[in-house]
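Architecture at a glance
One letter stands for each residue in the lines below.
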Amino acid sequence: MYKFTTTTLITAALSLSASVSSARDQVQIAGSSTVLPYASIVAEAFGENFDFPTPVVESGGSSGGMKRFCIGLGENTIDIANSSRKIKDKEIAACAEAGVTDIIEVRIGYDGIVFASDINGQNFAFTPTDIYRALAAEMPLDGSMKSNPNTNWNEVNSAFKSQEIQAYIPGTKHGTREVFEDKVLLAGCEDTGAFDAIMSMNGGDNKAAEKACMAVRNDGRSVDIDGDYTETLASIDTNKAGIGVFGLAFYENNTDKLQVATMSGVMPSTESIAEGVYPVSRPLYFYIKKAHIGVVPGVKEYAEFFVSDEIAGPDGPLADYGLVSDPLLARSRN
Amino acid sequence: MTDLKTDKSLYATTAHSKRRSAAEKRFHRLGLAAILIGLCMLGILMTTIVTKGSGAFQQSFATLDIDLLEAKLDKTGNRDPEDLKKVTTFGYAPLIKAAVEQVVETHRIETGLKSKDMAAIISKSAAAQMRYRVLDDPSLIGTTAEFKFLTNSWIDGYLKGRVTRETIGNNKNVSVEQLDFVDRLVGLGIVEKSFNMQFIFGADASDQRPEDAGIGVAMVGSLAMMCVVLLLALPIGVAASVYLEEFAPKNRLTDIIAVNIANLAAVPSIVFGILGLAIFINTLHFPQSAPLVGGLVLTLMTLPTIIISTRAALEAVPPSIRSAALALGASKMQTTFHHVLPLAAPGILTGTILGLAQALGETAPLLLIGMIGYVATNMPETVTQGLLSPNSAMPAQIYEWAKRADPAFYERAWGGIIILLIFLITMNIIAVTLRRRFERRW
């Protein structure tokens, strides 16, 4: 009796470990939570139309995905990393060290970043200057750096009605934060002349001036949201005076609760982003391990399917969901 | 001993006894208030869950007759399965548009909508539904077949009262004309609500079609993990506690072990996730996102709970039982297995079930081993697949839905909570019944 159980257990364990080492048959993807909805739309259609199982798409942020991507080659590493920014040189080096040398970059399109507030509140028309003046940690006043004195939007720009400054911006682990700092805070800093003022104060140190421009106030008027856009939405729900930073697609799915602000007079929309008029947008990418093509079934087919006209073209489901398709997409197919 | 001397009767109230009884009444009221607050919170929680989640169990469907044109689906006309497969879901989508146009024509519905916007009220899952059915039965090509499609999540939300004409505003996903059109279709009986089996048995769906998303595959993932936990944690936990309680010498070392087990029970679950990632995935090269790994991690997490409750159950068996068995000539092993363990079994089982219930609701460790995301999409066909192919778990699926953009997913998250709660309550009821029926008091 006892003997029997032990033998069965051992056989079961052996057969299990044998199948553990057998080939993985679905594509594994991880990375940016901005790309996740697009990747899952493609994965779903891929599973429906091909004989391969539906790929697995996990989130974890652009940096998190890249980290897992660069762990090495093999079946227990991911095949594709989604990213809402270009791969960094540091990451390429880390990848190379782990043996991941041939990386294929695919740019799938653009994503707009919008400022939105409660649907019943005042309608904002922002410029980067307004955002900088409202959210910067310190700004040059009377020849020296003073902590941001503005507490109300009408102090920032007299065109706004009186409303306490309260903003919910993406936390530092988000790829969105980088774009926010770069295209809004830094741009506003330069437009107000603060950048030049800081440069003249610190003796022409470009890097330090940029850093000072991009520092966000931490007196509670700007809150970092490390979670997803749903968390930002919930914050605005509780504090109706709040302004939140969202992805365009998220806003478009929640127009019953949010109203969007124009940026420099441009209404964010797939069209205005595609034309490049709306200033706050960024490219979206995914990266493929060349060594996994032909080893893990479906990697090549998935990538080709992703960039096919049916999917990523201007009438495809991705554009439908809010992706601004890349006019140069045809080129990335090769 | 002194005599108790009072000049008054003990029944007469004095200032002191008044104070005492007042304090007692205060305590009474405080306790009652605490219970009322607790019940109130529970009531609010339950009503919120039921009101927000019950919508997920109903779904709107549209019944359409589709002309499965040979020219679109099988250009070669030879019904070769390989050729049929080459027609993707994009090739099937136009057929829906044609069918909707047909409906508008036969019922003389007046609408300013373009046919593209009319067809948009049908879920994007419809094309796949047709493709699967045609590939299963190629003889359908060239005929007209009736299909029951899901409607788009916004239309479904409108019929459930979640989306109204006032709130859609400048929403680009749905327009007032579309809602008018749907009202006509409801009047004609083409669109109607019915029970949503897909939600209970189906797989996760992408952000574009929340109406198609179900918790079924994640449920299978949870069950697979629970099997692993039960098969590993129960024997290991019971063996460890029987040894510690009955056989191990009582010395410093066993004390340290006991204390450490108690400490392990208090370790945050995310720590076990990191451990699992390091050991099972990075060192032993088990597959990512596999319920087997999830089960192993949860086993580590549940073990201390099971050991502690088993030890308590064993301790509760009076020493006289052991002495009697030993006195009658039973060996230590016979005493333990014939008398002590059976008497402790109800306690052990209760502890195990509660440990399992805790593991079932756990999300944090799964985050690290890749079980959260767009994962629960392939229904496993065999037991090995169930253990090894990527899957999610119920709480992970709920978490995933709660953060997606489309508000329809939010409703599903609440619906998922209802299903998870049903599981947890069932397990708790089993635990309570077991304890009630078999527990013995000495």
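Residues numbered from 1 in each chain as written. Chains lettered and ligands numbered in written order. Predicted model: local features only at pLDDT ≥ 70, side-chain atom pairs only at ≥ 80, totals over all residues.

Notes on the overall build of chain B
What counts, and what does not: Working definition: helices are DSSP H or I runs of at least four residues, strands are E runs of at least two. Numbering for both runs from the N terminus. Here the globule rule is a power law, 2.2 Å times the number of residues to the power 0.38, and the radius of gyration is based on C-alpha atoms. Exposure classification rests on a simple neighbour count of other C-beta atoms within 10 Å of a residue's own: a residue reaching 20 or more is buried, one at 12 or fewer is exposed, and one in between is partly exposed. C-beta atoms are placed from the backbone. Any two residues are considered in contact once their C-beta atoms, placed from the backbone, lie within 7 Å.
Helices and strands together make up the secondary structure of chain B, namely 20 helices and 4 strands. The C-alpha atoms of chain B give 31 Å as radius of gyration, which overshoots the globular expectation for 442 residues (22 Å, by more than 25%). Residue burial in chain B is summarised as follows: out of 442 residues, 40% are buried. Across chain B, every contact between residues at least 6 apart in sequence was considered, and the portion connecting residues at least 24 apart equals 78%.

Here's the deal with the overall build of chain A
Looking only at helices and strands, chain A has 16 helices and 14 strands in total. Counting only C-alpha atoms and orienting by the principal axes, one finds that chain A spans roughly 85 × 45 × 40 Å. Split into buried and exposed, the 334 residues of chain A put 46% on the buried side. Taking all contacts inside chain A whose residues are at least 6 apart in sequence as the whole, residues at least 24 apart take part in 72%.

Remarks on the domain arrangement of chain B
Residue and element names in this part refer to chain B. Short version of the rule: Here the limits of each domain have been adopted from an automatic or database domain assignment. Under this grouping Gly is polar, as are all residues other than the nonpolar Ala, Val, Leu, Ile, Met, Phe, Trp, Tyr, Cys and Pro and the charged Asp, Glu, Lys and Arg.
The domain architecture assigned to chain B consists of domain 1 (62-195) and domain 2 (216-438). On a C-alpha basis, the centres of domain 1 and domain 2 stand 45 Å from each other. At the interface, 4 residues of domain 1 touch 4 residues of domain 2. Here the side of domain 1 that touches domain 2 is built from residues that sort into no nonpolar, 2 polar and 2 charged.

Comments concerning the interface of chain A and chain B
Put simply, the rule is: A pair of strands is considered paired only if DSSP assigns at least 2 bridges between the two.
Facing 35 residues of chain A, the contacting portion of chain B comprises 38 residues. Contributions of two or more residues to the side of chain A that touches chain B are made by α1 (2-20), α2 (36-49), β2 (56-58), α10 (229-238), α11 (248-253) and α15 (317-321) of chain A. It is α2(A) that provides the largest number of residues to the side of chain A that touches chain B, a total of 10 residues. Across the side of chain A that touches chain B, the residue classes tally to 14 nonpolar, 13 polar and 8 charged. With 2 bridges connecting them, β2(A) and strand β4 (residues 373-374) of chain B associate as antiparallel partners.

Here's the deal with the pairing of strand β1 (residues 58-67) of chain B
All names here are of chain B. In this sheet, strand β3 (residues 191-195) lies alongside β1 in antiparallel orientation, the contact comprising 5 bridges. Pairing of Phe61 across the sheet is with Glu192, part of β3. Examined bridge by bridge, β1 and strand β2 (residues 144-150) share 7 bridges and lie antiparallel to one another. Residue pairing for β2: Thr63 is matched across the bridge by Lys148.

Comments concerning the environment of B:Ile200
Residues and elements named next belong to chain B. If you trace the backbone, Ile200 turns up in helix α10 (residues 197-201). In sequence terms Ile200 and Ala56 are 144 residues apart; their C-alpha atoms lie 9.4 Å from each other. Apart from the residues lying within four places of it in its own chain, the contact partners of Ile200 are Gly214, Ile215 and Gly216.

Some thoughts on the sheet that holds β3(B)
Residues and elements named next belong to chain B. Inclusion rule: Only the contacting stretch of a helix is used when fitting its axis, a line to C-alpha atoms as for every element, and angles between N-to-C directions run 0 to 180 degrees.
Across the sheet, 3 strands lie side by side as β2-β1-β3; this open sheet has antiparallel pairing. The open sheet is flanked by β2 and β3, the only strands paired with a single partner. Here the average twist between neighbouring strands, direction ignored, is 40°.

Focus: the domain arrangement of chain A
All names here are of chain A. When cut into domains, chain A gives domain 1 (23-110 + 283-332) and domain 2 (112-281). Elements with a contribution of two residues or more to the side of domain 1 that touches domain 2: α3 (61-69) and α15. The biggest single contributor to the side of domain 1 that touches domain 2 is α3, with 3 residues. Its residues assigned to classes, the side of domain 1 that touches domain 2 shows 5 nonpolar, 8 polar and 1 charged.

Observations regarding the nonpolar core
Short version of the rule: A set of buried Ala, Val, Leu, Ile, Met, Phe, Trp, Tyr and Cys residues, joined through C-beta atoms within 7 Å, is what we mean by a nonpolar core.
With 159 residues, the main nonpolar core has A:Tyr38, A:Val42, A:Ile108, A:Phe306 and B:Val293 as its most contacted residues. The leading source of residues in this core is helix α11 (residues 216-247) of chain B, at 13 residues. A:Ile108 has contacts with A:Tyr38, A:Leu284, A:Tyr285, A:Phe286, A:Phe306, A:Val307, A:Ala312, A:Leu323 and A:Asp326, leaving out every residue within four places of it along the chain. Judged by nonpolar contacts, the second largest core, of 34 residues, contains B:Phe61, B:Ala119, B:Val134 and B:Ile168.

A look at helix α9 (residues 206-214) of chain A
The periodicity of an α-helix, 3.6 residues per turn, causes residues three or four places apart in sequence to face the same way. Residue and element names in this part refer to chain A. Heads up, the rule is: Note that the arc is computed from the directions linking the helix axis to the C-beta atoms.
Within α9, the full set of buried residues consists of Ala209, Ala212 and Cys213. In an axial view of α9, the angular spread of the buried residues amounts to 100°, which keeps them on one side of the axis. In the core, the buried residues of α9 are packed alongside β6 (138-141), α7 (175-192) and α8 (194-202).

Here we look at the environment of B:Glu110
Residue and element names in this part refer to chain B. With respect to the helices and strands, the residue Glu110 is situated in the loop between α4 (89-106) and α5 (115-119). On the basis of neighbour counts, which here come to 8 C-beta atoms within 10 Å, the residue Glu110 falls in the exposed class. Each C-alpha atom, one on Glu110 and one on Glu411, is 33 Å from the other, the two residues being 301 residues apart in sequence.

A closer look at α10(A)
Residues and elements named next belong to chain A. If you check which residues of α10 are buried, you get Tyr229, Thr232, Leu233 and Ile236. Along the long axis of α10, the arc covered by the buried residues comes to 100°, so they all point the same way. On its buried side, α10 packs onto β4 (103-118), β8 (167-170), β9 (222-225), β10 (243-247) and α11.

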